[in-house]
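In case you want the letters, here they are:
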Amino acid sequence: MTGGPWADVRIRSTRFDLRPITETDVTPRYLGWFASRGASNITQHPASLDDLRTYVRDRSDRTDILFLAIRSADTGQHIGNLKLEPIDRALSGAILGIFIGEEAWHGKGVATETIGATAQWLQAELGLRHLWLGVTEDNHAARRAYEKSGFVLAPCPLIPARPGILTMALDLVPQKRA
Ligand SMILES: CC(C)(COP(=O)(O)OP(=O)(O)OC[C@H]1O[C@@H](n2cnc3c(N)ncnc32)[C@H](O)[C@@H]1OP(=O)(O)O)[C@@H](O)C(=O)NCCC(=O)NCCS
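Since this is a predicted model, take the numbers as computed values, not measurements. (Residues numbered from 1 in each chain as written. Predicted model: local features only at pLDDT ≥ 70, side-chain atom pairs only at ≥ 80, totals over all residues.)

Novice: Please set out the overall build of the chain residue by residue, giving values where relevant.
Specialist: Per the secondary structure count, the chain includes four helices and eight strands. Going from the N terminus to the C terminus, the chain shows its helices and strands as β-β-α-α-β-β-β-α-β-α-β-β. A compact globule built from 178 residues would reach a C-alpha radius of gyration of about 16 Å, and the chain, at 15 Å, matches this within 12%. Dimensions of the chain, computed from the C-alpha atoms along their principal axes, are close to 40 × 40 × 30 Å. Expressed as a percentage of its 178 residues, the buried residues of the chain come to 30%. Contacts in the chain between residues far apart in sequence, at least 24 positions, make up 57% of those at least 6 positions apart. (Helix = DSSP H or I, 4+ residues; strand = E, 2+ residues; numbered from the N terminus. Rg over C-alpha atoms; globule rule 2.2 N^0.38 Å. Buried ≥ 20, exposed ≤ 12 C-beta atoms within 10 Å, placed from the backbone. Contact = placed C-beta atoms within 7 Å.)

Novice: Lay out the sheet that holds strand E3 (residues 66-72) in plain terms, naming residues and giving numbers.
Specialist: Reading across from one edge, E1-E2-E3-E4-E5-E6-E8-E7 is the order of the eight strands in this open sheet, with mixed pairing throughout. Edge positions in the sheet fall to strand E1 (11-12) and strand E7 (152-153), since each has one partner strand and no second. (Pairing = 2+ DSSP bridges.)

Novice: I'd like a rundown of the site of the ligand, residues and numbers included.
Specialist: Neighbouring residues of the ligand: 21 residues in total, closest Gly 38, Asn 41, Ala 111, Ala 141 and Arg 144. Going through the elements one at a time, strand E5 (93-100), helix H3 (110-126) and helix H4 (140-148) are the ones with two or more residues in the shell around the ligand. Top element by residues in the shell around the ligand is H4. It accounts for six residues. Partitioned by chemical class, the residues of the shell around the ligand number ten nonpolar, eight polar and three charged. (Near = placed C-beta within 6 Å. Nonpolar A, V, L, I, M, F, W, Y, C, P; charged D, E, K, R; others polar.)

Novice: Tell me about H3, residues and numbers included.
Specialist: One turn of the α-helix equals 3.6 residues, which is why residues spaced by three or four share an orientation. Compared with the 24 Å implied by 1.5 Å per residue over 17 residues, the 23 Å span of H3 between its first and last C-alpha is a close match. The complete set of buried residues in H3 reads Val 110, Ala 111, Thr 114, Ile 115, Ala 117, Thr 118, Ala 119, Trp 121 and Leu 122. Backbone geometry just after H3 places Gly 127 at a positive phi near 70°. (Expected span 1.5 Å × (residues − 1).)

Novice: Give me the lowdown on the nonpolar core, citing residues and values where you can.
Specialist: Counting residues in hydrophobic clusters, the biggest one holds 42 residues, and the most contacted among them are Leu 68, Leu 96 and Leu 133. Counting residues per element, this core draws most heavily on H3, at seven residues. (Core = buried A, V, L, I, M, F, W, Y, C linked by C-beta atoms within 7 Å.)

Novice: For the pairing of strand E8 (residues 165-171), give the residues involved together with the corresponding values.
Specialist: Pairing between strand E6 (residues 130-136) and E8: seven bridges, direction antiparallel. Residue pairing in the sheet places Gly 134 in a bridge with Thr 167 of E8. Of the strand pairs in this sheet, E7 and E8 are connected by two bridges, and their pairing is antiparallel. The residue of E8 that forms the bridge with Val 152 is Ala 169.

Novice: How would you sum up unusual backbone geometry? Please name residues and give values.
Specialist: With an omega of -5°, the peptide bond between Glu 85 and Pro 86 qualifies as cis. Counting through the fold element by element, Pro 86 comes out in strand E4 (residues 78-88). Of note in this structure, Ser 92 is not a glycine but carries a positive phi near 55°. Assignment of secondary structure puts Ser 92 in the loop between E4 and E5. C-beta crowding within 10 Å serves as the criterion here: with 14 such atoms nearby, Ser 92 is assigned to the partly exposed category.

Quick look at the structure:
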C-alpha cells in the first residue's frame, strides 16, 4: 500500500531522504531494531512482522499522522523513522518521535539533521508553529539531540505531566529567503 494522504511527501537533507513509511519497509531487519538497547526508549514493541505491518498500516491513511522512513541518500538504507503523531491543526503543532534503529548510525548527527529538515518542512508546507515531545529523564542521548535541534524544556498541551518524563518544545519560525 503506497497511497495515503502523504504519499508525495519527500523531505531531503544533506545526507538523508525522508518519505512516508509503507508496509514494504517492514522487514526482519526493521523488526530487529526493537531488540536493540535503544529500543527500551520506544513505547510500543511489535511482537512479529505482522504486528509491525499492522502498526504501519494503521498510520498510513491518517491525515493527523505523518510517519516517515529515514534513508541514507547515498545507499537508500533504511536507518530509522521519524514520526509526527498527532499533527494537531487547531493547536498548530505536532508531537515528534524519532528512532534511529541502525545503531551504527548513532552519534553521527542523524537526529539533528533530520529533525532540522523536518521542522523546516512542517513550517513551510503545513504552516505549523510548534513541535513537542516527551522524553524520559535518563535518555541523555535523546535529550542532547533535542537540545541541539533547538528544543527547550516546556509544557506540552498534548502530553500530560508524568514523573520521570520531560516535555520539550520547539517553536517553528519561517526561514528567511536568500
Ligand atoms: C536518541 C537518538 C534519536 C539520537 O540520535 P542520533 O542521530 O544518534 O543523535 P545525534 O548524532 O544527532 O546526536 C546529537 C547529540 O547527542 C549526542 N549523543 C548521541 N548519542 C549519545 C549518547 N549515547 N550519550 C550522550 N550523548 C549522545 C551526540 O554526541 C550529539 O551531541 P554533540 O554533537 O554535542 O556530540 C538515537 O540514539 C535513537 O534513536 N535512540 C533510540 C530511540 C530513542 O531513544 N528515541 C528517542 C525517544 S524520546
